[in-house]
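Examination of the molecular architecture
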Amino acid sequence: MNAMGLPPGQQLAAPGKWPLVGERVPRESERPWQLRIFGLVDRPREWTLEALRNRHQTEMIVDIHCVTRWSRLQMRFRGIPLQELLDEVGPLPAEAAFLSLVARSERSHSTSLRLDEAVQLRTLVALEHDGQPIGIEHGGPIRVIVPGKYFYKSLKWLEQIDVLSQDRLGYWEAECGYHNEADPWREQRYIVSSIPRHRLRELLAGLDFSGQNLLSLELRSHKLDGLRCVDAVLRNADFRDCSLRGADFSRANLTNTRFAGADLREAVFDHADLEGCDFSGADLRGSNLGGASLFGASFTSDATTESDGLTARRLSAVFDRSTVIDRLALEQLVPSQAQFLADALSSNSPP
Ligand SMILES: Nc1nc2c(c(=O)[nH]1)N[C@H]1C(S)=C(S)[C@@H](COP(=O)(O)O)O[C@H]1N2
Ligand SMILES: [Mo]
């Protein structure tokens with residue numbers, strides 16, 4: 001844990017700011033909002049939104065931690081403990097072991113939890129945040145809040161819960177390699193990639209990852225000048241201390257990728273997804289980050305030197321006049337990072 005009580009690798013979001021992540025709107029439907037609990041239960045049933053609102057509400061103060069490295073502490077939610085609803089449907093003791101939480105959304109977004117864990121973590125079917133109904137963009141009117149897990153387990157627009165004997169992986173877990181355990185204190189962000197070695201060698205020899213979808217690539221300290229990664233999906237890659245001069249990452253998804261200490265001179269990140277990326281100590285002179293998404297990205301960090309393990313050394317990215325970063329993107333950063341970047345960019349701007 002660091003000084004602010006944050007799990008490893010997390011930063012506080014700007015005060016009062018609650019970033020939007022993932023889907024922005026629920027699926028359009030004429031039907032009124034309802035919650036159903038089906039599957040391996042004694043008495044499957046559904047509740048209208050009204051019925052949920054009329055129940056006794058429980059208040060909970062919860063810290064939320066997004067896998068893209070921003071956190072918000074002490075969020076106040078009100079709703080119904082999932083346990084109470086489960087007690088009413090009666091999960092079948094010998095069989096019921098997992099919950100699949102399904103959203104009213106275009107892709108029927110879902111996530112899953114172990115039944116015992118969901119109860120033990122005091123999962124909430126939340127209806128209110130800060131005394132107001134939860135806004136539609138943040139998953140209202142019915143949203144799951146799972147304390148103690150990365151926020152992708154907290155499903156927006158909850159509509160159905162299937163009680164199952166086997167786990168059914170959710171959208172992020174199945175499609176994007178997000179870790180199914182999702183414990184922020186153990187940094188369980190992603191499962192580890194499983195690309196065969198010979199395939200990786202081929203891609204490296206051709207210096208071309210364009211269009212590939214590869215998770216958690218480990219390429220620390222490689223010489224990869226001119227690498228092409230156009231439209232690639234390379235979440236959670238490790239490019240620390242790589243030489244990547246003139247590399248092309250246009251429109252690539254590089255969520256949570258580590259570029260610390262990398263030589264990124266003249267690299268192109270045009271409209272790339274750089275959420276949660278670490279650029280501390282990287283050389284960004286002449287690089288282009290125009291149109292890139294930078295939520296939770298960092299450009300400076302307090303690193304500890306390896307020799308004595310004690311001396312804090314500040315590692316900061318370097319820029320020059322030709323570095324392109326949208327001023328608007330600064331608003332996506334946590335305050336300390338935004339301040340560092342604003343200072344660094346203005347000291348480079350022409351007089
Ligand atoms: N239905 C649905 N729920 C979802 C998601 C989504 O894309 N669709 N994204 C998850 C992720 S990754 C996060 S971090 C949080 C973001 O919630 P927020 O947009 O209210 O901050 O919602 C989670 N629940
Ligand atoms: Mo997330």
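Description of the structure in this document. Predicted, not measured: the structure shown is a model, and the values here were computed from it.

Some words on the overall build of the protein
A count of helical and extended segments in the protein gives 6 helices and 13 strands. Relative to the 2.2 N^0.38 estimate, which gives 20 Å for 351 residues, the radius of gyration of the protein is 22 Å and therefore close to what a compact globule would have. Taken over the C-alpha atoms alone, the protein extends approximately 65 × 45 × 45 Å along its principal axes. Across the protein, contacts joining residues at least 24 apart in sequence account for 49% of those joining residues at least 6 apart. Here the protein contributes 41 positively and 48 negatively charged side chains, and the mean placements of these two sets differ by 1 Å.

Structural notes on helix α2 (residues 82-89)
Buried residues of α2: Leu82, Leu85, Leu86 and Val89, and no others. For α2, the buried positions fall inside an angular range of 100° around the axis, keeping them on one side. Positive backbone phi, approximately 70°, marks Gly90, located one or two places after α2.

Structural notes on the nonpolar core
In this structure, Phe239, Phe259, Phe269 and Phe299 are the most contacted members of the largest nonpolar core, which totals 48 residues. Elements with a contribution of two residues or more to this core: α5 (197-205) and α6 (335-346). Counting residues per element, this core draws most heavily on α6, which supplies 5 residues. Those residues in contact with Phe239, other than ones at most four positions away along the chain, are Leu219, Leu224, Leu227, Leu234, Leu244, Phe249, Thr257, Arg258, Phe259 and Ala262. Trp33, Leu35, Trp47 and Val163 belong to the second largest nonpolar core, which has 29 residues in total.

Concerning the layout of surface pockets
Looking at the second largest pocket, its volume works out to about 480 Å³. Considering the residues around the second largest pocket, the lining is formed by 29 residues, among which Val21, Gly22, Glu23, Lys156 and Trp172 are closest to the centre. Grouping the constituent residues of the lining of the second largest pocket by class yields 14 nonpolar, 7 polar and 8 charged.

Parameters at a glance
Residues numbered from 1 in each chain as written. Chains lettered and ligands numbered in written order. Predicted model: local features only at pLDDT ≥ 70, side-chain atom pairs only at ≥ 80, totals over all residues. Heavy atoms only, no water. Helix = DSSP H or I, 4+ residues; strand = E, 2+ residues; numbered from the N terminus. Rg over C-alpha atoms; globule rule 2.2 N^0.38 Å. Contact = heavy atoms within 4.5 Å. Lys, Arg positive; Asp, Glu negative; His and termini not counted. Charge placed at Lys NZ, Arg CZ, Asp CG, Glu CD. Buried < 20%, exposed > 50% of the residue type's maximum accessible area, 1.4 Å probe, protein only. Arc of directions from axis to C-beta. Core = buried A, V, L, I, M, F, W, Y, C linked by side-chain atoms within 4.5 Å. 1 Å grid on protein atoms, 1.4 Å probe; cavity = no way out; pocket = protein on both sides within 12 Å on 5 of 7 lines; lining within 4 Å. Points joined across faces, edges and corners; volume = space filled by probe spheres on them. Nonpolar A, V, L, I, M, F, W, Y, C, P; charged D, E, K, R; others polar.

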